[in-house]
Amino acid sequence: MSQDNDRRRNPRVRVAACATLETKGVLNANDQAFCSVRDVSQGGIGLETGQPPMVGQGVILRVALDETVHELRTLATRVHRRGTSNFYEVGLDWGNCTPEQLEFLREVLSVIEQQEG
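Overview of the structure. (Residues numbered from 1 in each chain as written. Predicted model: local features only at pLDDT ≥ 70, side-chain atom pairs only at ≥ 80, totals over all residues. Heavy atoms only, no water.)

**Thoughts on the nonpolar core**
Here is the rule: Residues belong to a common nonpolar core when they are buried Ala, Val, Leu, Ile, Met, Phe, Trp, Tyr or Cys residues joined through side-chain atoms within 4.5 Å. Relative accessibility thresholds used throughout: buried, under 20% of the residue-type maximum; exposed, over 50%; partly exposed, between the two (1.4 Å probe, protein chains only). Only DSSP runs of H or I covering at least 4 residues are called helices, and only runs of E covering at least 2 are called strands; the numbering of each starts at the N terminus. Contact criterion: two residues are considered in contact whenever any of their non-hydrogen atoms come within 4.5 Å of each other.
Of all hydrophobic cores here, the largest spans 24 residues; its most connected members are Leu21, Val40, Ile45, Leu47, Leu61, Leu92 and Trp94. The element best represented in this core is helix H1 (residues 103–116), accounting for 5 residues. Ignoring sequence-local partners within four residues, the contact set of Leu47 consists of Leu21, Cys35, Ser36, Val37, Arg38, Leu61, Tyr88, Glu89, Val90 and Leu92.

If you want it as structure tokens, here you go:
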């Protein structure tokens, strides 16, 4: 997609990391789905997983940065199956996170900026 057609509020930064997802509730509960992080932005995070949440479902995301595991309360906003595979592209929104949880995001973006600089 060209930048002219990209209507995202915040630019994405490519990231390679591993994380886990946890979903609660009557439908689609999952205590630990593994996923890979694709990208991150001020608005959310993009993942790939074989065990996706449902759109609108609250998700507890656990992702490691250096030696610290960060637990973040997110909301699933996008779930798209990759072709006919068993993998899904998932978008999670930071809207349910506390300011303390979002300190993780500032750390990630700071590390990436240092690497690019």
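Now that the structure has been shown, we can carry on.
**With respect to the sheet that holds strand E5 (residues 68–81)**
To keep things clear, this is the line we draw: Each pair of strands is called paired provided DSSP finds at least two bridges between the two strands. The axes used here are C-alpha line fits, helices contributing only the stretch in contact, and every angle between their N-to-C directions lies in the interval 0 to 180 degrees.
Around the barrel, which closes on itself, the 6 strands sit in the order E1-E2-E3-E6-E5-E4 with antiparallel pairing between neighbours. Across the sheet, the mean angle from the axis of one strand to that of its neighbour is 45 degrees, orientation sign disregarded.

**Details of the layout of surface pockets**
Cut-off, in case you're wondering: Only protein atoms enter the 1 Å grid used here. Points where a 1.4 Å probe fits but cannot escape make up a cavity, open sets with protein on both sides within 12 Å along at least five of seven lines make up a pocket, and a residue lines them when an atom lies within 4 Å of a point. Grid points are joined across faces, edges and corners, and a volume is the space filled by probe spheres set on the points.
The space that makes up the second largest pocket amounts to roughly 230 Å³. Around the second largest pocket, the lining comprises 16 residues; the ones closest to its centre are Val15, Ala16, Leu65, Val108 and Ile112. Those elements that place two or more of their residues in the lining of the second largest pocket are strand E1 (13–23), strand E2 (30–40), strand E4 (58–65) and H1. Ranked by residue count, the leading element in the lining of the second largest pocket is H1, at 6 residues.

**A short note on the pattern of salt bridges**
Side chains that carry opposite charge are capable of pairing whenever their charged atoms lie near each other. Just so we agree on the cut-off: Definition used for salt bridges: Asp or Glu carboxyl oxygen within 4 Å of a side-chain nitrogen of Lys or Arg.
Following the criterion strictly, the structure yields 7 salt bridges and no others. The residue Lys24 makes a salt bridge to Glu22 at a minimum N-O spacing of 2.5 Å. In this structure Lys24 comes out as exposed when scored by relative accessible area, which is 54%. For the salt bridge of Arg62 with Glu71, the shortest nitrogen-to-oxygen distance reads 2.9 Å. Using a relative accessible area of 36% as the deciding quantity, one classes Glu71 as partly exposed. In the salt-bridge network here, residues are joined through shared partners; they are Glu22, Lys24, Arg62 and Glu71.

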